[in-house]
Amino acid sequence: MSRLPVMSSKRVLTSSSSSENGQDVAPAPKKIRKDPEPLKPQAAATIMGCKRPPVAATRAPVSKSVRGMGAATVAVAPSRGVLKQSVASTAAKGGNIKQPVAPAATKAGGGGTTRRHAWDLKGKVSDMEGKIRNYQTKVKSVNQENETLRDTMVQNKMRVAEVEKELERQRSQISEYEKELQALSGVQDELEKVSHDKSALQKELSNLEGKYKVVETLRDSQATELETLKMKLSVQESTLARLQVTIRDAEDTIRSLKETVAQQKDELHAGEMERRRLHNTIQELKGNIRVFCRVRPLVDGGLSKHIQLPASDIKTITLAKSEESHTGKTAETQKNYNFSFDRVFGPVASQQEVFEEISLLVQSALDGYNVCCFAYGQTGSGKTYTMEGDEFEDARGVIPRAVQQIFRAAEKLGAQGWEFTFTASFVEIYNETLRDLLYTGKASKRPEHEIRKLTNNEVKITNLTYENVSNEDQVLGLIALANQNRSTAQTAQNDRSSRSHSVFQLDIEGVNAGRDVKCKSTLCLVDLAGSERMVKSQSQGERFKEMTAINGSLSNLGIVISALANKESYVPYRNSKLTYLLQGCLGGNSKTLMFVNIAPEPESFGETLNSLRFASKVNDCVIGTASANRK
């Protein structure tokens with residue numbers, strides 16, 4: 001929108017007047033107030049959603065110059081919301097509006113166009129009115145053009161809407177075409193698949209036709225073969241009839257053999273029972289308490305001079321000792337101590353030879369008899385070697401060999417219908433206190449144990465580990481664990497002497513369901529502590545206390561055996577934990593074997609003599625006949 005410049009109240013009048021062609025007369029030069037930013041005249045423009053439509057070429061461009069100062073400039077604002085663009089912006093866009101050119105000034109005193117005088121206000125007003133009319137005409141033409149453009153715009157909008165509807169319709173149609181195309185592609189894939197299946201079926205049909213021809217050929221050959229087989233079948237039927245007769249005869253024979261087998265099983269069972277009876281009779285004839293003596297070899301081999309073993313008698317041993325005369329007038333005299341046992345083993349006797357003598361006794365444990373075998377002797381006489389032996393096969397002792405024999409015999413008896421269950425335990429008696437040698441927990445939490453006698457006269461230990469075993473290796477593993485836990489200490493007799501009694505018990509239960517026979521027994525194998533006297537062992541302090549407990553329990557063992565031999569009404573089993581625990585294996589319903597082990601060194605003569613005397617007392621005992629624990 002144009003601004004009217006403020007004119008100075010003082011004007012300089014020129015002598016020249018306005019020209020007749022209506023051009024503006026330039027005022028005389030004067031000082032004027034400069035506007036801050038005079039706005040240039042703007043042409044009317046129509047703003048649309050797109051570019052402005054070009055002005056008709058027949059329209060005359062605006063060429064009137066506008067005065068920069070002097071008379072006021074009047075502009076008509078565009079109507080109906082049409083925005084005007086500045087002349088400068090229109091020119092930049094390529095419009096036809098030219099920049100106003102100031103009229104040429106009249107030279108002083110020279111000729112040229114005439115200007116209106118400054119006092120000719122009427123003329124100037126007339127000129128301005130003419131300009132206003134021209135501007136109004138232009139504004140009308142611009143408004144008309146705007147109206148035309150608006151109509152065109154409305155039409156274009158309608159066309160755009162129609163085009164958008166048509167575009168939406170085309171898009172919908174394209175979507176339908178795409179769906180149809182997808183359906184057709186699926187049909188094409190299916191068609192290809194059908195074609196592939198058809199070709200495969202055709203190939204298969206051709207193969208089947210070939211096979212059919214082969215089958216026809218085979219059918220003809222098999223028809224011929226069938227005729228041949230029919231002929232053979234008739235022959236086989238006659239043969240089958242003869243075989244059926246033979247089968248009936250064989251069935252009669254089998255039935256007779258089954259009866260014979262059953263009879264033989266009965267005879268075998270009766271024979272087993274008779275074998276057990278005779279075996280027990282033999283053991284009773286040998287004595288329910290037997291004593292074996294075993295002499296340990298010297299470290300460098302051979303036998304000491306004070307021990308004599310007759311070559312012709314395997315049951316006799318003699319200790320010879322030279323004694324000086326008390327008067328000193330006679331020469332030294334030799335005093336002999338003769339002992340007789342069930343068997344005496346010299347230094348060269350092997351572990352296998354020793355076990356063969358007691359293997360029949362071990363067999364009695366499977367027959368239902370309680371069996372106890374224990375080794376007695378001073379420290380270092382070979383008790384542990386006799387009972388446990390070494391890890392080598394030839395050096396294995398009584399316990400591993402007895403376990404091996406038990407399991408092998410049980411396996412053989414399984415063929416006769418016997419089933420056995422075995423339960424193993426390993427306990428140590430140390431200073432009259434029971435210790436579980438199979439305990440694997442913390443030492444601080446080790447439980448206490450007591451010996452209890454049940455109502456059926458069985459002896460059990462509270463809180464003791466009882467392991468069910470089914471083979472020899474399991475038992476050997478338990479024995480190794482027990483050896484690690486056993487109490488040992490150093491004495492003058494042996495660097496590592498057993499300071500406790502170790503008792504290995506194997507409870508055996510056998511059942512023969514077919515014969516309704518049960519048996520129950522206990523195999524007890526004991527490695528006793530060293531039996532040397534306190535003076536000999538030079539034990540002091542804690543070792544002295546251990547030695548006192550050991551000798552007390554061994555003495556009570558001798559008292560119990562003597563009471564049993566004398567048929568006393570009261571047997572002092574409770575005098576020691578050892579005899580109380582072994583009462584089931586020492587009484588009349590058991591078989592007992594004692595190994596007395598002696599050391600061959602001359603300095604051990606006194607302890608050897610004491611051991612042989614104790615063993616001789618045990619050997620003189622006679623216990624009543626044992627009976628099997630059968631149900």
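Residues numbered from 1 in each chain as written. Predicted model: local features only at pLDDT ≥ 70, side-chain atom pairs only at ≥ 80, totals over all residues. Heavy atoms only, no water.

A.B. asks: Looking at this structure, how should I read the overall build of the protein?
C.D. replies: Tallying secondary structure elements over the protein gives eleven helices and 18 strands in all. Counted over contacts in the protein with a minimum sequence separation of 6, partners at least 24 positions apart contribute 71%. Summed over its atoms, the accessible surface of the protein is roughly 38,400 Å², and 54% of this surface lies on carbon and sulfur atoms. (Helix = DSSP H or I, 4+ residues; strand = E, 2+ residues; numbered from the N terminus. Contact = heavy atoms within 4.5 Å. Areas by Shrake-Rupley, 256 points an atom, 1.4 Å probe, with all protein chains shown as cover.)

A.B. asks: Quick question: what am I supposed to make of a positive patch on the surface here?
C.D. replies: Taken together, the side chains of Lys321, Lys335, Arg613 and Lys617 make up a positively charged region of the molecular surface. Tracing the chain through its elements places Lys335 in strand β6 (residues 333–340). Assessed through its relative accessible area of 40%, Lys335 is described here as partly exposed. (Patch = residues over 30% accessible without salt bridge, like charges linked within 9 Å, V, L, I, M, F, W, Y side chains within 5 Å. Salt bridge = Lys/Arg side-chain N within 4 Å of Asp/Glu carboxyl O. Lys, Arg positive; Asp, Glu negative; His and termini not counted. Charge placed at Lys NZ, Arg CZ, Asp CG, Glu CD. Buried < 20%, exposed > 50% of the residue type's maximum accessible area, 1.4 Å probe, protein only.)

A.B. asks: Any chance you could explain unusual backbone geometry here in plain terms?
C.D. replies: We note that Glu432 has phi near 60°; this positive angle belongs to a residue other than glycine. One can find Glu432 in the loop between β9 (418–430) and β10 (433–436). Judged by its relative accessible area of 28%, Glu432 is partly exposed. Residues other than glycine seldom take positive phi values, yet Asn463 does so here, at roughly 60°. Within the secondary structure layout, Asn463 lies in the loop between β12 (459–461) and β13 (467–469). Its relative accessible area of 51% is what places Asn463 among the exposed residues.

A.B. asks: Explanation requested: the pattern of salt bridges in the structure shown.
C.D. replies: Pairing between side chains of opposite charge can happen when their charged atoms approach one another. With the rule as written, the count across this model stands at 14 salt bridges. A salt bridge links Arg150 to Glu147; its shortest N-O distance comes to 3.3 Å. Of the two residues, Arg150 and Glu147 both sit in helix α2 (residues 121–286), three residues apart, roughly one turn of that helix. For Arg150, a relative accessible area of 24% translates into the label partly exposed.

A.B. asks: Whenever I open this one, helix α5 (residues 398–414) confuses me. Can you help?
C.D. replies: Owing to its 3.6 residues per turn, the α-helix brings residues three or four apart onto one side. Its 17 residues give α5 an end-to-end C-alpha distance of 24 Å, which sits within 8% of 24 Å, the value for a rise of 1.5 Å per residue. Summarising burial for α5: 13 of the 17 residues are buried, a large majority. (Expected span 1.5 Å × (residues − 1).)

A.B. asks: Please clarify how the packing of helix α3 (residues 351–366) against α5 should be interpreted in this entry.
C.D. replies: The relative placement of two packed helices is expressed as an angle between their axes plus a distance between the axes. Following both chains from N to C, one finds α3 and α5 inclined at 45°, their axes separated by 9 Å at the closest point. Judged on the interaxial angle alone, α5 and α3 are oblique. Crossing geometry of α3 relative to α5 is assigned as right-handed. Packed against α3, whose contacting residues are Gln351, Gln352, Phe355, Ile358, Ser359, Val362, Gln363, Ala365 and Leu366, the element α5 presents Val398, Arg401, Ala402, Gln405, Ile406, Ala409, Ala410 and Leu413 at the interface. (Axes fitted to C-alpha atoms, helices over the stretch in contact; angles between N-to-C directions. Parallel < 35°, antiparallel > 145°, perpendicular 65-115°, else oblique. Left-handed = near helix turned anticlockwise from the far one by under 90°.)

A.B. asks: I'm lost on helix α11 (residues 605–619) in this one. Help?
C.D. replies: The first and last C-alpha atoms of α11 sit 21 Å apart over 15 residues, in line with the 21 Å expected at 1.5 Å per residue. Burial analysis of α11 places eleven of its 15 residues in the buried class, which makes it a mostly covered element. Of all the residues in α11, the buried ones are Phe605, Glu607, Thr608, Leu609, Ser611, Leu612, Phe614, Ala615, Ser616, Val618 and Asn619.

A.B. asks: What should I look at first to understand the pairing of strand β16 (residues 501–512) in this one?
C.D. replies: A regular strand places its side chains on the two faces of the sheet in alternate fashion. Most of β16 is tucked away, with ten of its twelve residues classed as buried. Examined bridge by bridge, β9 and β16 share twelve bridges and lie antiparallel to one another. What sits directly across from Thr423, in β16, is Asp507. Across eleven bridges, the pairing between β16 and strand β17 (residues 517–527) is antiparallel. Bridging across to β17, Gly510 finds its partner in Cys519. Here β16 folds back onto β17 in antiparallel fashion, the turn holding four residues, of which Asp516 has a positive phi close to 55°. (Pairing = 2+ DSSP bridges.)

A.B. asks: Where do I start with a nonpolar patch on the surface in this structure?
C.D. replies: Among the surface-exposed residues, Leu240, Leu243 and Ile247 lie close enough to one another that they form a single nonpolar patch of about 260 Å² accessible area. Among the secondary structure elements, Leu243 is positioned in helix α2. For Leu243, a relative accessible area of 44% puts it in the partly exposed group.

A.B. asks: Whenever I open this one, the nonpolar core confuses me. Can you help?
C.D. replies: Considering soluble globular proteins, one finds that nonpolar side chains tend to be buried as a cluster. Of all hydrophobic cores here, the largest spans 53 residues; its most connected members are Ile317, Phe341, Val526, Met594 and Val596. Sort the elements by how many residues they give to this core and helix α8 (residues 542–565) lands first, with nine residues. Residue contacts for Phe341: discarding those within four places in its chain leaves Val291, Cys293, Lys315, Ile317, Leu612, Ala615, Ser616 and Asn619. With 44 residues, the next largest nonpolar core counts Ala349, Val354, Leu366 and Ala410 among its residues. (Core = buried A, V, L, I, M, F, W, Y, C linked by side-chain atoms within 4.5 Å.)

A.B. asks: How should I be thinking about the side chain of Gln505 in this particular structure?
C.D. replies: When you line up the elements, Gln505 lands in strand β16. On the accessibility criterion, Gln505 (10% relative accessible area) is buried. What Gln505 contacts, discounting residues up to four positions off in sequence, is Thr423, Ala424, Ser425, Thr522, Leu523, Cys524 and Leu581.

A.B. asks: What am I meant to see in the pairing of β10 here?
C.D. replies: Burial along β10 is one-sided: Leu434 and Asp436 are buried, and none of Thr433 and Arg435, which face the opposite way, are. Note: β9 against β10, four bridges, orientation antiparallel. Residue pairing for β10: Tyr430 is matched across the bridge by Thr433. Turn length for the β9-β10 hairpin, with the two strands adjacent in sequence and antiparallel, is two residues, and the turn residue Asn431 shows positive phi of about 55°.

A.B. asks: Teacher, can you tell me more about the confidence of the model for the protein here?
C.D. replies: Detailed conclusions should not be drawn from predicted coordinates in areas where pLDDT is low. Summarising the model, the protein shows a mean pLDDT of 77, and 72% of its residues fall at 70 or more. Mean pLDDT across the elements of the protein bottoms out in helix α1 (residues 87–92) (38) and peaks in β13 (93). Counted against residues more than four places away or in other chains, residues 1–113, with its pLDDT under 50, gives 144 contacts. (pLDDT = per-residue confidence, 0-100.)

A.B. asks: Help me out: how do you make sense of the packing of aromatic side chains in this one?
C.D. replies: Here a ring pair, both rings aromatic, is described through the centre-centre distance and the interplanar angle of the planes. As enumerated under the stated definition, the model contains nine aromatic pairs in all. For the ring pair Trp418 and Phe420, a centre distance of 5.8 Å and an interplane angle of 15° mean the geometry is stacked. Residues Trp418 and Phe420 agree in their burial class; the two are buried. Taken together through their ring pairs, the aromatic side chains of Phe407, Trp418, Phe420 and Phe422 make up a single cluster. Stacked on the ring of Tyr369, the Lys or Arg Lys591 has its end atom at 4.8 Å from the ring centre. (Phe/Tyr/Trp six-rings, centres within 6.5 Å; stacked < 30°, edge-to-face > 60°. Lys NZ or Arg CZ within 6 Å of the ring centre and 35° of its normal.)

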